[in-house]
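Results of the structural survey
This is what each chain is made of:
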Amino acid sequence: MEDIAHMVSASLARHGFVPRVDHRRLQWSKWSPCESSFSSVPVPSKPGLFALAEETTAGRPDTITQTRMLTVFQVSEAEDVGMALGRLFLPNAAERDRLTSKPCYMRYAVIEDENQRHASYRSLQQWMTSSPELAAKISN
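Summarised in this report is the structure supplied together with it. (Residues numbered from 1 in each chain as written. Predicted model: local features only at pLDDT ≥ 70, side-chain atom pairs only at ≥ 80, totals over all residues. Heavy atoms only, no water.)

Turning next to the environment of Glu95. Along the chain, the position of Glu95 falls in the loop between α2 (81-87) and α3 (96-101). Accessibility expressed as a relative area gives 23% for Glu95, which makes it partly exposed. Put simply, Glu95 and Gln74 are 21 residues apart on the chain and 9.8 Å apart in space, counted from C-alpha to C-alpha. Excluding residues within four positions of it along the chain, Glu95 makes contact with Phe73, Gln74 and Leu88. (Helix = DSSP H or I, 4+ residues; strand = E, 2+ residues; numbered from the N terminus. Buried < 20%, exposed > 50% of the residue type's maximum accessible area, 1.4 Å probe, protein only. Contact = heavy atoms within 4.5 Å.)

Structure representation (structure tokens):
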């Protein structure tokens, strides 16, 4: 998988943004399928950030050279990451249809310190709004 930290750093530098927290030091989990509320069972009940991405492909559809990609569509912060991810699958949740209609993935980073969590979240939000074309390769 292409190093997401490198992509974020390059994107932030291109846009002249200097984060207060080094996002490269966040200990992100691996990407996991986000198929139901049971997908988030191993996620800890701790404060942190989580990212949601959908699977896309790049390349020509009529060839074997297609590359599986993840396109990040949401980064959120939560006091309890496990509960927040579980709530995404409640009947009235806005993301439920998107998460259940196509292959989606999630990852999280536990950040106990509230100031660091908010600063990291703001940095990633700014990065998301300045880099809508962001996608990360998935290794098979």
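After that view, the rundown keeps rolling.
With that settled, consider helix α4 (residues 114-130). Compared with the 24 Å implied by 1.5 Å per residue over 17 residues, the 24 Å span of α4 between its first and last C-alpha is a close match. Residues of α4 that are buried: Arg117, Ala119, Ser120, Ser123, Leu124, Trp127 and Met128. Capping the start of α4 is the job of one residue whose side-chain oxygen sits 3.1 Å from the backbone nitrogen of Asn115: Asp113. (Expected span 1.5 Å × (residues − 1). Polar contact = N/O pair within 3.5 Å; in protein donor to acceptor, adjacent residues only side chain to side chain.)

Across all of its chains, the model carries zero aromatic pairs by this definition. Positioned above the aromatic ring of Phe73, the side-chain terminus of Arg98 is 3.8 Å from the ring centre. (Phe/Tyr/Trp six-rings, centres within 6.5 Å; stacked < 30°, edge-to-face > 60°. Lys NZ or Arg CZ within 6 Å of the ring centre and 35° of its normal.)

This next bit is on the nonpolar core. Ranked by size, the top nonpolar core spans 16 residues in total, and within it Trp31, Val72, Val75 and Trp127 carry the most contacts. Elements represented by at least two residues in this core include exactly α1 (4-14), β2 (48-58), β3 (67-78), β4 (104-110) and α4. Phe50, Phe73, Ala78 and Met106 belong to the second-largest nonpolar core, a separate cluster that totals 15 residues. (Core = buried A, V, L, I, M, F, W, Y, C linked by side-chain atoms within 4.5 Å.)

Turning our attention to the side chain of Glu54. Looking at the secondary structure, you find Glu54 in strand β2. A distance of 3.2 Å separates a polar atom in the side chain of Glu54 from a polar atom in the side chain of Arg98. Apart from the residues within four sequence positions on either side, Glu54 is in contact with Met69, Leu70, Thr71, Phe73, Arg98, Lys102, Pro103 and Cys104.

Moving on, we come to the environment of Gln66. On the secondary structure map, Gln66 appears in the loop between β2 and β3. Separated by 10 residues in the primary sequence, Gln66 and Thr56 place their C-alpha atoms 9.9 Å from one another.

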